[in-house]
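# Chains, contacts and geometry: an overview
One letter stands for each residue in the lines below.
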Amino acid sequence: MRIDTQAVHAGDRKKAGPEIPVTTPIHAAVSYFHESMEELDRVFAGEQPGYCYTRFANPTTAALEELVTALENGHGTLACASGMSAIHIALLAALAGRPRSILAAEALYGATIVVLTKVFAPLGIRTTFVDICDLGAVERAVAQAQPGCVLLETISNPLLRVAQLDRVAEMARAAGAAVVVDNTFATPVLVRPLELGANLVVHSVTKFLAGHGDVLGGTVTSDAAHYETLRTLARAYGPVLGPFESYLTMRGIKTLVLRIQRQCANARRIAEWLNAHPALQRVYFPGDPAHPDAATIRRLLPEGLYGALVSFELKGAGRAEVFRFMDRLKLVVRATSLGDVHSLMMYPAMSSHREVAPEQRARMGIRDNLLRLSAGIEALPDLLADLAQALG
Ligand SMILES: *Cc1c(COP(=O)(O)O)cnc(C)c1O
């Protein structure tokens, strides 16, 4: 089945009684009892499918998990309370029984860098950072760091680099390391990392998957080898998504493909328009033929779908000029987050990469004049008019 069809059918329409609801109800109950204690005992033991306690599994959340598993073509999914809890538990599942060493892309979401350097490092899990787009550097780093896990983003934040995920996964597999991919920016509409050799795929569903700015959530979709570990960890540590958020996320995913197509088309036209604007120093967009990873993008991304994000540098601007520009926006919402139906403008130095030391930010190429736009589904002329008046 195509992803457009899966998005509106997978997970839903389970027979619960004589009739079948067209969407999965919100099951708010925390506990479940069965005909007999013997049966409940078998459910607790995992010998019989069923529900007993919502930290273990919940019918609404299970429907969402089945849906995301279909979209990512995985073995199973764990829905989590946030993207960050999803990344955290995916890394723990990847490292189970492997060396406590992570090889991570240099370009990562700011809070992910904090997990690696401030949460994992004091526990004795060390991280080596590498330019994941440089395969020679990755090969050397794998040999040197002997990682138990390799971590990268499909499209990096905020400079929108695209690594050769399949080649990186090959190197990791040869070294016995598991591959964790944060697929938030690409979504399964653009790339399905498990099909390219990843073991665990993470989403901040807060972004494109839920898509309406009203859910905080995450998912980890796993291959068969890591799924039991992931579930065991989740039972013990309990980072699960609640049934209301699960319902909203499923509702959001129904239109995922339509939204992505429109958002990618808007982003592409905005990038072209910005490229020609005299107030701009530089535009970062994966659809740009001069993009440093253009060959990889042609190989791994579908024609015409390059994501909804455009980053750009304002000529000669510092924090004050950036703030003035953002304050002038009337339609584009100046808030953190991305992937929503409404367009969003964000200042990485102030939000996603605030916790990253300024020197490290500079090394990552995240300058004080860099902005990131997430294109929504609005009419393009309205978006261009708003950007034009704000650029002055
Ligand atoms: C937002 C984001 C996260 C964190 O997700 P939350 O839902 O905010 O916890 C992780 N990775 C990427 C790429 C993100 O954009």
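Per chain, residue numbering runs from 1 following the sequence as it is written. Local features in this predicted model are restricted to residues of pLDDT 70 or higher, and side-chain atom pairs are both shown and tallied only at a pLDDT of 80 or more, whereas totals for entire chains, interfaces and linings draw on every residue. To obtain the side-chain values, all non-hydrogen atoms of the structure were included, while hydrogens and water were left out.

## Digging into the environment of Val-168
Secondary structure follows DSSP: runs of H or I at least 4 residues long count as helices, runs of E at least 2 residues long count as strands, and numbering of each begins at the N terminus. Here Val-168 lies in helix H7 (residues 165–174). In this scheme, a residue with accessible area under 20% of its type's maximum is buried, one over 50% is exposed, and one in between is partly exposed, where area comes from a 1.4 Å probe on protein chains only. We classify Val-168 as buried; its relative accessible area is 1%. Between the C-alpha atom of Val-168 and that of Leu-135, which follows or precedes it by 33 residues, the distance is 7.2 Å. In what follows, a contact means two residues having at least one pair of non-hydrogen atoms within 4.5 Å. Residue contacts for Val-168: discarding those within four places in its chain leaves Ile-132, Leu-135, Val-138, Val-150 and Leu-152.

## A short note on the packing of helix H4 (residues 83–95) against helix H5 (residues 110–120)
It is at 10 Å that the axes of H4 and H5 come closest, and there the two elements cross at 50 degrees. It follows from the interaxial angle that H4 and H5 lie oblique. Handedness of the H4/H5 crossing: right-handed. Residue-level inspection shows Met-84, Ile-87, His-88, Leu-91 and Leu-92 of H4 in contact with H5, the latter providing Ala-111, Thr-112, Val-115, Leu-116, Val-119 and Phe-120. Comment: axis = line fitted to C-alpha atoms, over the contacting stretch for helices; angle = value between 0 and 180 degrees taken between N-to-C directions. To sort the angles, those under 35 degrees are grouped as roughly parallel, those over 145 as roughly antiparallel, those from 65 to 115 as roughly perpendicular, and the leftovers as oblique. Rotating anticlockwise by less than a right angle from the far helix to the near helix defines a left-handed crossing, while the corresponding clockwise rotation defines a right-handed one.

## Side note on helix H15 (residues 380–391)
Every helix has an expected span of 1.5 Å times one less than the residues it contains. The terminal C-alpha atoms of H15, which comprises 12 residues, lie 16 Å apart, in line with the 16 Å expected from a rise of 1.5 Å per residue. Restricting attention to buried positions, one finds in H15 the residues Leu-380, Leu-383, Leu-384, Asp-386, Leu-387, Ala-390 and Leu-391. Along the axis of H15, the buried positions cluster into a sector of 160 degrees, meaning they face one direction only. Turning to H15, the residues buried within the fold contact helix H11 (256–275), strand S8 (280–284), strand S9 (309–314), helix H13 (319–328), strand S10 (344–346) and strand S11 (370–374). As used here, the arc belongs to the directions running from the helix axis to the C-beta atoms.

## Quick word on the pattern of salt bridges
Salt bridge, as used here: a side-chain nitrogen of Lys or Arg that lies within 4 Å of a carboxyl oxygen of Asp or Glu. Within the structure shown, the criterion is met by eight salt bridges. For Arg-161, the salt bridge identified is with Asp-293, shortest N-O distance 2.6 Å. With Arg-161 in the loop between strand S4 (149–153) and H7 and Asp-293 in the loop between S8 and helix H12 (294–300), this pair connects stretches of sequence that are 132 residues apart. The salt bridge partner of Arg-192 is Glu-195, with a shortest N-O separation of 3.3 Å. Using a relative accessible area of 43% as the deciding quantity, one classes Glu-195 as partly exposed.

## Comments concerning the site of the ligand
Nearness is defined per residue: one heavy atom within 4 Å of the molecule or strand is enough. Near the ligand lie 14 residues; those nearest to it are Gly-83, Asp-182, Ser-204, Thr-206 and Lys-207. Polar contacts, as used here, are pairs of N or O atoms within 3.5 Å; protein pairs need one atom able to donate a hydrogen and one able to accept it. Residues neighboring in sequence count only if both atoms are side-chain atoms. With respect to the ligand, the side chain of Lys-207 contributes an N or O atom lying 2.8 Å from an oxygen atom. Each accessible area is a Shrake-Rupley result for a 1.4 Å probe, and residues are judged covered by the shown protein chains and nothing else. When isolated, the ligand has an accessible area of 380 Å², and the protein chains bury 93% of it. With three residues, H4 is the largest single contributor of residues to the shell around the ligand. A breakdown of the residues in the shell around the ligand according to their chemical character gives six nonpolar, six polar and two charged. Side-chain classes are defined by residue name, with Ala, Val, Leu, Ile, Met, Phe, Trp, Tyr, Cys and Pro counting as nonpolar, Asp, Glu, Lys and Arg as charged, and the others, Gly among them, as polar.

## Let's talk about the domain arrangement of the protein
Domain start and stop points were drawn from an automatic or database domain assignment. Parsing the protein into structural domains produces domain 1 (3–253) and domain 2 (256–391). The gap between the C-alpha centroids of domain 1 and domain 2 is 26 Å. At the junction of the two partners, domain 1 supplies 41 residues and domain 2 supplies 43 residues. For Arg-299, the salt bridge goes to Asp-166, with nearest N and O atoms at 2.7 Å. At the boundary of domain 1 with domain 2, the tally comes to 15 residue pairs in polar contact (both at pLDDT 80 or more). When residues of the side of domain 1 that touches domain 2 are assigned to their parent elements, the largest contribution, five residues, is made by H5. For the side of domain 1 that touches domain 2, the residue count by class is 25 nonpolar, nine polar and seven charged.

## Digging into the sheet that holds strand S5 (residues 178–182)
The pairing criterion is simple: DSSP has to find at least two bridges between the two strands. Here seven strands make up an open sheet; going across it, the order is S1-S7-S6-S5-S4-S2-S3 and the pairing mixed. Two strands lie at the open edges of the sheet, namely strand S1 (76–80) and strand S3 (126–130), each paired on one side alone. Ignoring which end each strand starts from, the neighbouring axes of this sheet average 20 degrees apart.

## Side note on the pairing of strand S2 (residues 101–105)
In summary, the side chains of a regular strand alternate between the two faces of the sheet. Of all five residues making up S2, five are buried, and the element is well covered by its neighbours. Of the two faces of S2, both are covered, the one formed by Ser-101, Leu-103 and Ala-105 as well as the one formed by Ile-102 and Ala-104. Following the chain from S2 across H5 to the adjacent parallel S3, one finds a crossover that is right-handed. Seen with its strands pointing away from the viewer, a crossover is right-handed when the path leading from the first strand over the helix to the second is clockwise.

## Focus: unusual backbone geometry
Cis geometry marks the peptide bond from Asn-157 to Pro-158, where omega comes out at -5 degrees. Its location among the elements puts Pro-158 in the loop between S4 and H7. With a phi angle near 60 degrees, Arg-13 is a residue other than glycine that sits in the positive phi range. With respect to the helices and strands, the residue Arg-13 is situated in the loop between helix H1 (3–9) and helix H2 (37–45). Look at Asn-73: it is not a glycine, yet its phi comes out positive at around 55 degrees. Following the sequence through the fold, Asn-73 ends up in the loop between helix H3 (59–72) and S1.

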